[in-house]
Amino acid sequence: MEITILTALQDNYIYLAADHTGNTLAVDPAESRPVLDCLKRKNLTLSLILTTHSHADHTGGIETLKRKTGCRVFGPHIDSIIDSGPKPEPHKIDSPLGLFQVLLTPGHTNDSVCYYLPASTSSAGVVFTGDTLFVNGCGRLFSGDAQSLWQSLRTLAALPDETLVYCGHEYAEENYRFALTIEPDNTAIRTRLHETQQALRKGLPTVPSTIGREKQFNPFLRADTTPIRRVLSMPDAPAWEVFAELRKRKDRM
Ligand SMILES: [Fe+2]
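J.: Please clarify how the overall build of the chain should be interpreted in this entry.
T.: Tallying secondary structure elements over the chain gives nine helices and 13 strands in all. For the chain, whose C-alpha radius of gyration is 18 Å, the value lies close to the compact-globule estimate of 18 Å for 253 residues. Seen through its C-alpha atoms, the chain measures out along the principal axes to roughly 55 × 40 × 35 Å. With 253 residues in all, the chain has 55% of them scored as buried. Across the chain, contacts joining residues at least 24 apart in sequence account for 57% of those joining residues at least 6 apart. For the chain, the accessible surface area stands at approximately 11400 Å², while carbon and sulfur atoms represent 48% of it.

Printed below as a string of C-alpha cells:
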C-alpha cells in the first residue's frame, strides 16, 4: 500500500491510498482538483472515497470526484452524495486495500468516524482520524460533547502503538505550543516542537504520527495521568472532566 499525502485549502490533508494495481481510495477530499491531478500523474484509479465527518472542508471534492470517476462514497452523514453510512459497531467496509473497521468516534461532531485498517504481513496498520485526533491535539467540540470525545480518544488509544495516524489538518506546531503551556518543563515535548518546526520549514508534513507517540506526548490522550491532573489541580475528577478542562484551555489559546 502506498499512501500519498495531498494538501488542500489552508491546512487540510487529503489522503490517497493505492494498492499495487493502482486501485485507490481517497480520504476526506476537501477539493477535487488535487485528487484528480494526482490520479492522472500516478495513473491511479479512484474506486472509493471515505469521509470522516460532514464538515465541508472534508467533503467539498466528493461530488465532482464521484461524477468524474464513478467511485463509491462512504461516510457517516445522510446526504445525496453519500452512498452508505455506518451502522452500529462493529461495522466494516471493504476497500481496495482490505477490510476497514469504521470506529464511531463522536465528539468533534456527532457523526465523526475514524477508519482503521489493521496491520497485515505487508503493511503497517493505519487509522484515518479526520478531526477527532490530530498530531498532539484533538478536534474542537462542535456538535459533540467532551465526554463523547474523551471516549472516542480512548477508543483510538486502544489501537496498537505502531498504528500510523493520518489526521485531517496540519496543526502540529500549535498543538505542541499548547502542550508546552500545560507542561512548560516537558523537554520531550519541547524537542518535538523543534523537530516539527524544522519539518514544516522544509515543507514536510508532520503526518503520519503513531498511536504510541500520541499516547506518549498528546496531552488530550493523557488527561487521566498524574502529571496532567497535577497541573490542572484536578487530582480526583473523572478523566473526561480533566479532558474537558484541557479542551477549554486550548479553545482560549
Ligand atoms: Fe471538522
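J.: Honestly, the packing of helix 4 (residues 146-157) against helix 9 (residues 239-252) in this entry has me stumped. Any pointers?
T.: In a packed pair of helices, the relevant descriptors are the angle between the two axes and the axis-to-axis distance. Axis separation between helix 4 and helix 9 bottoms out at 9 Å; the angle between their running directions is 105 degrees. It follows from the interaxial angle that helix 4 and helix 9 lie roughly perpendicular. Here A146, Q147, L149, W150 and L153 of helix 4 come into contact with helix 9, specifically with A239, W240, F243 and A244. A per-class count over the contact of helix 4 with helix 9 returns eight nonpolar, one polar and no charged.

J.: It is not clear to me how the coordination of the iron ion should be interpreted in this structure. Could you clarify?
T.: Six octahedral donors around a metal ideally sit at 90 or 180 degrees from one another, while four tetrahedral donors ideally sit at 109.5 degrees. Looking at the iron ion, one finds its protein donor set to be H53 (NE2), H55 (ND1), H108 (NE2) and D131 (OD), positioned 2.2 to 2.3 Å from the metal centre. Around the iron ion, the four donor atoms sit at angles spanning 91 to 167 degrees, and that spread fits a shape best called irregular. Sequence positions of the residues that donate to the iron ion give the spacing H-x1-H-x52-H-x22-D. Here H55 is found in the loop between strand 4 (45-50) and helix 2 (56-59), whereas its partner D131 is found in the loop between strand 9 (126-130) and strand 10 (133-134), with 76 residues between them in sequence.

J.: It is not clear to me how the nonpolar core should be interpreted in this structure. Could you clarify?
T.: As a rule of thumb, soluble globular proteins bury nonpolar side chains together. Of all hydrophobic cores here, the largest spans 30 residues; its most connected members are Y15, L25, Y115 and F128. Top contributing element to this core by residue count: helix 5 (residues 172-182), with four residues. Not counting the four nearest positions on each side in its chain, Y15 is found in contact with I3, T4, I5, L25, A26, V27, F128, Y166, C167 and V207. In this structure, C114, L149, L232 and A244 belong to the second largest nonpolar core, which totals 29 residues.

J.: What am I meant to see in the packing of aromatic side chains here?
T.: Per the counting criterion, the structure on display carries 10 aromatic pairs. Pairing W150 with F243 gives two aromatic rings, centres 5.9 Å apart and planes at 35 degrees, and the pair type is tilted. Taken together, the positions of W150 in helix 4 and F243 in helix 9 put the pair 93 residues apart, joining distant regions of the chain. Neither W150 nor F243 differs from the other in exposure class; each is buried. Aromatic pair F220 and F243: ring centres 5.9 Å apart, planes at 75 degrees, arrangement edge-to-face. Taken together, the positions of F220 in the loop between helix 7 (211-217) and helix 8 (226-231) and F243 in helix 9 put the pair 23 residues apart, joining distant regions of the chain. Residue classification places F243 among the buried positions, given a relative accessible area of 0%.

J.: Just checking my understanding: could you explain the pattern of salt bridges for this structure?
T.: Pairs may arise between side chains of opposite charge once their charged atoms sit close together. Within this structure, the stated rule accounts for 10 salt bridges. The residue E195 makes a salt bridge to R192 at a minimum N-O spacing of 2.2 Å. Here E195 and its partner R192 are both found in helix 6 (residues 187-201), three residues apart, which amounts to about one turn of the helix. Overall, the relative accessible area of 37% leaves E195 in the partly exposed class. By sharing partners, the salt bridges in this structure join R140, R247 and D251 into a single network.

J.: When you look at the sheet that holds strand 7 (residues 98-104) in this model, what are you seeing that I'm missing?
T.: In sheet architecture, strand pairing relies on hydrogen bonds along the backbone and comes in two forms, parallel and antiparallel. In spatial order, the strands read 6-7-8-9-12-13; together these six strands make up an open sheet with mixed pairing. Pairing within the sheet leaves two strands with one partner each, and these edge strands are strand 6 (91-95) and strand 13 (209-210). Of the pairings in the sheet, the one linking strand 12 (residues 164-167) to strand 13 comprises two bridges and is antiparallel in character. Note on strand 13: the bridge partner recorded for V165 is S209. Against the sheet, helix 4 engages strand 7, strand 8 (113-117) and strand 9, with an angle of about 150 degrees to strand 7.

J.: Before we go on, may I ask you to explain unusual backbone geometry in this structure?
T.: Peptide bonds are mostly trans, and most non-glycine residues show a negative phi. With omega at 0 degrees, the peptide bond leading from V207 into P208 counts as cis. Even without a glycine there, the phi angle at D28 is positive, about 50 degrees. Since its relative accessible area comes to 3%, D28 is described here as buried. The residue S233 is not glycine, and still its phi comes out positive at about 55 degrees.

Calculation criteria
- Residues numbered from 1 in each chain as written.
- Predicted model: local features only at pLDDT ≥ 70, side-chain atom pairs only at ≥ 80, totals over all residues.
- Heavy atoms only, no water.
- Helix = DSSP H or I, 4+ residues; strand = E, 2+ residues; numbered from the N terminus.
- Rg over C-alpha atoms; globule rule 2.2 N^0.38 Å.
- Buried < 20%, exposed > 50% of the residue type's maximum accessible area, 1.4 Å probe, protein only.
- Contact = heavy atoms within 4.5 Å.
- Areas by Shrake-Rupley, 256 points an atom, 1.4 Å probe, with all protein chains shown as cover.
- Axes fitted to C-alpha atoms, helices over the stretch in contact; angles between N-to-C directions.
- Parallel < 35°, antiparallel > 145°, perpendicular 65-115°, else oblique.
- Nonpolar A, V, L, I, M, F, W, Y, C, P; charged D, E, K, R; others polar.
- Donors = N, O, S within 2.8 Å, 3.2 Å for Na, K, Ca; no water.
- Tetrahedral: all angles 85-135°; square planar, octahedral: opposite > 155°, others 65-115°.
- Core = buried A, V, L, I, M, F, W, Y, C linked by side-chain atoms within 4.5 Å.
- Phe/Tyr/Trp six-rings, centres within 6.5 Å; stacked < 30°, edge-to-face > 60°.
- Salt bridge = Lys/Arg side-chain N within 4 Å of Asp/Glu carboxyl O.
- Pairing = 2+ DSSP bridges.

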